[in-house]
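Per-entry structural report
Spelled out, the chains give:
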Amino acid sequence: MKDTHLIRVRVNGREHELAVESRRTLADMLRHDLGYTGTHLGCEHGICGACTVLVDGAPARACLMFGVQADGRDVATVEGLADGEDLSDLQQAFSDWHGLQCGFCTPGFLMLAEGYLAERRVQDGGEPSEQQIRDVVAANLCRCTGYQGIVEAVLETARRRHAREAP
Amino acid sequence: MTIGTSIPRKEDPRLLRGQGRFGSDFARPGQLWARVVRSPVAHGRLGPPGTARAAAADGVVTVITAASLPPGLAIPVRLQVQYADLTGYLQPVLAAGTVRYVGEPVAVVVAEDPYAAEDAAELVELDIEEAPAVLDAAAAAAPGARALFPGGNVAADFALGYGDVAGAFAGADRVVEIEVEIGRHGAVPLEPRALLADPEPATGRLSIFGMTKVPVFNRDLLASLLGMDETLIHVHAVDAGGGFGARGEFYPEDFLIPWLARTLQRPVMWVEDRAEHLVAVNHSRQQVHRIAAAFDASGAILGLRDDVLHDNGAYCRTHGIIVPELTVAMLPGPYRIPAYQGRVRVVLTSKTPCGTYRAPGRFEGSTAREQLLDVAAHKLKISRNEIRSRNLLRADELPCQRSMSTLGTDVVLDAGDYPALLAKAQAEADRLGYADEVARGRRAGRLRGLGVAAFLEKSGLGPQETADVVVSRTGAVHVFSGGTSLGQGIETVLAQIAADALGVDPDQVSVVNGDTDRQPFGGGSWASRSTVVAGSAVHAAAGAVRDRAAEIAARMLEAAPGDLISERGRISVRGDPGATVTLAEVARATAPGCPHLRPGEPAGLSARRRFEVAHMTYPYGVHIAVVDVDPGTGGVQVLRYLVAYEVGRAVNPALVAGQLRGGAAQGIGGALLEEFCYDENGQPQSATFMDYRMPTAAEVPPIDVLITQDSPAPGNPLGVRGAGEGGVSAAGAVLASAVRDALGLAGSVGRLPLTPARVQELATNGGGR
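It should be emphasised that the depicted structure is a prediction, and the values quoted were computed from it without experimental measurement.

The rules behind these values
- Throughout, a residue's number is its position along its own chain's written sequence, starting from 1.
- Numbering of ligands from 1 and lettering of chains from A proceed in the order in which they are written.
- Per-residue local features are limited, in this predicted model, to residues with pLDDT of at least 70; the limit for side-chain atom pairs, both in listing and counting, is 80 or more; totals at the level of whole chains, interfaces and linings are taken over all residues.
- Strands here mean DSSP runs of E at least two residues long; helices mean DSSP runs of H or I at least four residues long; both are numbered from the N terminus.
- The quantity called the radius of gyration is restricted to C-alpha atoms. Its globule counterpart is 2.2 Å times the number of residues to the power 0.38.
- Backbone-placed C-beta atoms define the burial measure: a residue is buried with 20 or more other C-beta atoms within 10 Å of its own, exposed with 12 or fewer, and partly exposed in between.
- C-beta atoms are placed from the backbone for every residue, and two residues are taken to be in contact when these atoms lie within 7 Å.
- Criterion used throughout: strands pair if DSSP finds at least two bridges between them.
- The axes used here are C-alpha line fits, helices contributing only the stretch in contact, and every angle between their N-to-C directions lies in the interval 0 to 180 degrees.
- Only buried residues count toward a nonpolar core: Ala, Val, Leu, Ile, Met, Phe, Trp, Tyr and Cys, linked into one set through C-beta atoms within 7 Å.
- The length a helix should cover is 1.5 Å for every residue beyond the first.
- Here a crossing is called left-handed whenever its near helix is offset anticlockwise from the far helix by less than a right angle, and right-handed whenever the offset is clockwise.
- Residues are sorted three ways: Asp, Glu, Lys and Arg are charged, Ala, Val, Leu, Ile, Met, Phe, Trp, Tyr, Cys and Pro are nonpolar, and all the rest, Gly among them, are polar.
- Marked domain ranges trace back to an automatic or database domain assignment.
- Angles below 35 degrees are treated as roughly parallel, those above 145 as roughly antiparallel, those between 65 and 115 as roughly perpendicular, and all remaining angles as oblique.

A few words on the overall build of chain B. Assigned secondary structure in chain B consists of 19 helices and 28 strands. What you see for chain B is a C-alpha radius of gyration of 27 Å, in line with the 27 Å of a compact globule of 769 residues. Per-residue burial for chain B yields a buried fraction of 59% across its 769 residues. Considering only intrachain contacts with a sequence separation of at least 6, the fraction spanning at least 24 residues in chain B is 81%.

In structure tokens form, the structure reads like this:
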């Protein structure tokens, strides 16, 4: 007997209502029930961070959350970053700095970075340093790039956003 | 010209938007999900698994064991070398009678839903009478060892070499011998494997999503195992989350999932989880080297010998014995070695079987050889740079043929200037302040060390690769290549090569890799071959299309083909800007019935060309690193890291740098952190990412890169040398060198990875062996 719940969740601003088994992970729900396959599963035990999404604005491992825990909440995935034809500033920076190769970990790093950048903005984190960015980037695993392009891309985006928003 | 410029990658927009299509992203109506049941013990007699409870579980469609399959199915070796007969050591697609490692497939459950399949897999009852595991290669190779196979535990024992080695050692002023052990680790791409097989009842065809690396080979092998015509199998191009040698080889699941789909006549999807991946996919690297060199009084090498024990795990898989072969064939590296013998024993143990991992054999061999040179320099009282520059082959000594073969081709070091690159690397490290940083750290009381290592790579393995270039009615250029996209950016590189040959913008070129219908003769992407051999094939095919387009345009413009120039997608008469046609117009003029198409000429603007090459090309490089050793914890922090690499010609320099940086990061993992450990019963102790420790941004420093293009490869029209493996090749060597320097050891570091516990022991007891 399956234990199924009817939930409402907002993903990238769009409302979804669906029945989900209680044990189904948020990652599987996003990928297989709602079609957001940009959220990737690299380990399913919360280490690699490829499945990182934002839940109510904060980075979360979608493999360690159940879909039902997203009931009534706001989820952001990689599919929501670009504005139509235009890549976001962060996505463009990843391309400019060669911050991706196979691209499997990339959605997780993008969402991790967006969560961090949003938190910086709230807390007025001042001029970002490479060491700060490196500490954040160390939360996720990448097997292709050696992290350098990822660090550079997030650092440049942080600086640009900081300069834009500084009084 | 776009070759030589770092144009943005064609792969990036889809991957950045989450619109990549990886194996597990596909779905088909009515799709079933498979779950593989794996042996929980390392060695034992396997009775028929009890499947009744699993088969009766909710949502389960079928449960299969070896008894369900045609008998005797085993996965053959893809690359046969050194005439080794490995038929007694091949892996069955499902274990029958015996299990030989934890993780070996013994049954498959197929269900309507992945959760149901995973639940039911736990209901399969395994009847295994446990036998002692054999975990140590030396013990397994010793006389009287418990035999894992009727033929014994040594699958192959062979030597490569040349010259009078005994004479060289007998006449030496000094002989230096050390032992170096390389830890078991592996590729571990971030995307676990995934495979979808979809039968088409109307045509009898089978569509496969998720096979990469060598799709045409895998298609042909699958066809023969299934008894099908190979053209009825269509392996589709997909994105792949990293390969590094391990992904895309033919594993048991590559037979089981298509067989199930065909038998059930329903699409079957299988996605492995990480815990499975770490025990199922090829491990690599584990070797013990007893290596010795004979020197004259000036420090010149007279002879080199190595005795290698290679732990291949439980079976010989698709790679057969190429990793041990490459180890001894490439061991002399870039040095002048008048006499050499490398012997290797390929030993089977009760662990996950092995295959290639980025720079197979070279990571291991370079670590042993460079550590030997460091110890020898100390004993000969000359500097580490001096011993290298004295023994590196000079430019005037190349080409250098060594009387050995590997991967079925003779070892002929093609061209280059090895001492010049060592000097350039040292100058670059000085410019970047490496030596100052060492001096500063030591003055501050730190255990700081500098490492240096030189290495030889190999790339561009032929003997052939095929490419098709087709121009469609819109003027779009389509490249159908035999390479595969594993994240390396090969779509972009091939687009640049085609664009330059055709005189169009790379935006006008699309590249499809790894689709067996579109390119049925592809050799795949491995051994740093694709830019060299796929690139050369694309270069030839695009050149043929350019010539054909000029021929048609000449008819359209009533000009001589020799008077035409092709640029930016237009063909014009030289000196007459008004007389011009677009590539699209030319393509349309080749449609059947067009007046410009002559009787007997084939319609369409396209060409298929094959590039053939007898020998590989040999890139080379130098790694230099600075490390700190924490005397309290034994932790090693990499502070600076330089990769200097001769690439012949960089098609896209940013992508070359990316390959080198990513490789160095993996090498730091293998040298300091990553290891597949087992307990005394053969239970894997590195079965999660908590225990198998891949480097993060906290462990990998910014990697300095010096790409040189001083020595274009003579063996291909582009002069390219391949860039896939130069970042990782000498990482074990340079970090061993740096840690040895930091600790002031007289002997060798002995063993990689240099984990805190081992470094502490070295700091306490000194190096040795």
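Continuing now.
Each helix and strand in chain A was counted, giving five helices and five strands. Shown N-terminal to C-terminal, the secondary structure of chain A runs as helices and strands in the order β-β-α-β-β-β-α-α-α-α. Taken against the 2.2 N^0.38 rule, which gives 15 Å for 167 residues, the C-alpha radius of gyration of chain A at 16 Å falls within 12% of a compact globule. With respect to the principal axes defined by its C-alpha atoms, chain A has extents near 55 × 35 × 30 Å. Within the span of chain A, comprising 167 residues, buried residues form 53% of the whole. Here the analysis covers contacts within chain A between residues at least 6 apart in sequence; of these, 63% occur between residues at least 24 apart.

Residues and elements named next belong to chain B. Reading across from one edge, 21-20-19-25 is the order of the four strands in this open sheet, with mixed pairing throughout. Pairing within the sheet leaves two strands with one partner each, and these edge strands are strand 21 (509–513) and strand 25 (605–612). Taken over all neighbouring pairs, the strand axes of this sheet differ in orientation by 15° on average, direction set aside. The pairing of strand 19 (residues 464–471) with strand 25 spans eight bridges and is antiparallel. Its bridge partner lying in strand 25, V471 is registered against L605. The strands touched by helix 14 (residues 490–502) within the sheet are strand 19, strand 20 (477–481) and strand 21, with strand 21 carrying the most contacts at an inclination of about 135°.

So, about the nonpolar core. Among soluble globular proteins, nonpolar side chains are generally buried collectively. Residue and element names in this part refer to chain B. Core analysis: the largest hydrophobic core is formed by 305 residues, its most contacted members being A34, V109, V479, A498, V538, L735 and V739. With 13 residues, helix 15 (residues 530–557) is the single largest residue contributor to this core. For V538, the contacting residues outside a window of four places in its chain are A467, V469, V479, S481, L494, I497 and A498.

Moving on to unusual backbone geometry. All names here are of chain B. With an omega of 0°, the peptide bond between G462 and P463 qualifies as cis. Here L752 and P753 are connected by a cis peptide whose omega angle stands at -5°. Within the secondary structure layout, P753 lies in the loop between helix 18 (731–743) and helix 19 (756–765). Positive phi values are uncommon outside glycine, yet K213 reaches one of about 70°. When you line up the elements, K213 lands in the loop between strand 10 (205–209) and helix 6 (215–226). Even without being a glycine, F244 presents a positive backbone phi close to 60°. If you trace the backbone, F244 turns up in the loop between strand 11 (233–235) and helix 7 (252–264).

So, on to helix 14 of chain B. All names here are of chain B. The end-to-end C-alpha separation of helix 14 is 18 Å, in line with the 18 Å expected for 13 residues at 1.5 Å each. Every buried residue of helix 14 is listed here: I490, E491, T492, V493, L494, A495, Q496, I497, A498, A499, A501 and L502. For helix 14, the elements touching its buried residues are strand 19, strand 20, strand 21, helix 15, strand 22 (564–567) and helix 17 (653–673). The first or second residue beyond helix 14 is G503, which carries a positive phi of 70°.

Okay, the packing of helix 9 (residues 322–330) of chain B against helix 10 (residues 362–380) of chain B next. Residue and element names in this part refer to chain B. Where helix 9 meets helix 10, the axes come as close as 8 Å, and the angle between the chain directions of the two elements is 35°. Along this stretch, helix 9 crosses helix 10, giving a crossing that reads as right-handed. Facing L326, T327 and M330 of helix 9, the residues of helix 10 in contact are R362, E364 and G365. In terms of residue class, the contact of helix 9 with helix 10 is built from two nonpolar, two polar and two charged.

The subject of this paragraph is the interface of chain A and chain B. Counting residues at the interface gives 41 residues for chain A and 45 residues for chain B. Elements represented by at least two residues in the side of chain A that touches chain B include exactly helix 2 (89–96), helix 3 (106–123), helix 4 (130–137) and helix 5 (148–165) of chain A. Tallied by class, residues from the side of chain A that touches chain B come to 20 nonpolar, 16 polar and five charged.

All names here are of chain B. When strand 22 meets strand 23 (residues 570–573), the two strands line up antiparallel, connected through four bridges. Residue pairing in the sheet places S566 in a bridge with I571 of strand 23. Remark: two residues form the turn of the hairpin made by strand 22 and strand 23, two consecutive strands paired antiparallel; R568 in that turn has positive phi of roughly 50°.

Moving on, we get to the sheet that holds strand 28 (residues 703–708) of chain B. All names here are of chain B. In space, the four strands of this open sheet follow the order 18-26-27-28, with mixed pairing throughout. A strand with exactly one partner marks an edge of an open sheet, and here the two such strands are strand 18 (447–456) and strand 28. On average, each strand axis in the sheet is inclined to that of its neighbour by 10°, with strand direction left out of account. Here strand 26 (residues 620–629) pairs with strand 27 (residues 636–646) via ten bridges, running antiparallel. Paired with A625 across the two strands is Y641, which belongs to strand 27.

All names here are of chain A. What the domain assignment lists for chain A is domain 1 (4–80) and domain 2 (89–165). One C-alpha centre belongs to domain 1, the other to domain 2; they are set 22 Å apart. Listed per partner, the contact involves 17 residues of domain 1 and 13 residues of domain 2. For the side of domain 1 that touches domain 2, the secondary structure elements donating two or more residues are strand 3 (52–55) and strand 4 (58–61). With three residues, the top contributor of residues to the side of domain 1 that touches domain 2 is strand 3. Class assignment of the residues belonging to the side of domain 1 that touches domain 2 gives a composition of ten nonpolar, seven polar and no charged.

All names here are of chain B. Each assigned domain of chain B is listed here: domain 1 (22–131 + 194–240 + 247–275), domain 2 (287–460 + 615–765) and domain 3 (464–612). In this structure, domain 1 and domain 3 have C-alpha centres spaced 39 Å apart. At the interface, 14 residues of domain 1 touch 17 residues of domain 3. Elements that contribute at least two residues to the side of domain 1 that touches domain 3 include exactly helix 6 and strand 11. At four residues, the largest contribution of residues to the side of domain 1 that touches domain 3 is made by helix 6.

Residue and element names in this part refer to chain B. One can describe the packing of helix 10 onto helix 11 (residues 384–391) by two numbers: an axis separation of 8 Å at closest approach and a directional angle of 110°. Classified by the angle between their axes, helix 10 and helix 11 sit roughly perpendicular to one another. Together, L373, D374, A376, A377 and L380 of helix 10 and R384, I387 and R388 of helix 11 make up the contact between the two elements. Residue classes in the contact of helix 10 with helix 11 are distributed as five nonpolar, no polar and three charged.

Once that is clear, we can look at the environment of B:V739. All names here are of chain B. Among the secondary structure elements, V739 is positioned in helix 18. Given 29 C-beta atoms within a 10 Å radius, V739 is considered buried. Taking the C-alpha atoms as reference points, V739 and A625, separated by 114 residues in sequence, lie 9.7 Å from one another. Ignoring any residue separated from it by four or fewer positions in sequence, one finds V739 in contact with G449, V627, V629, V636, V749, L754 and V759.

Attention now moves to the environment of B:L309. All names here are of chain B. Summarising the element assignment, L309 is placed in strand 14 (residues 301–311). Along the chain, L309 and E181 lie 128 residues apart, while their C-alpha atoms are 9.3 Å from each other. Once residues within four sequence positions are removed from consideration, L309 is found in contact with A137, A138, A141, Q287, V288, R345 and V347.

With that settled, the discussion passes to the environment of B:R555. In this structure, B:R555 sits in helix 15. Along the backbone, B:R555 and B:L432 are 123 residues apart, and their C-alpha atoms lie at a distance of 59 Å.

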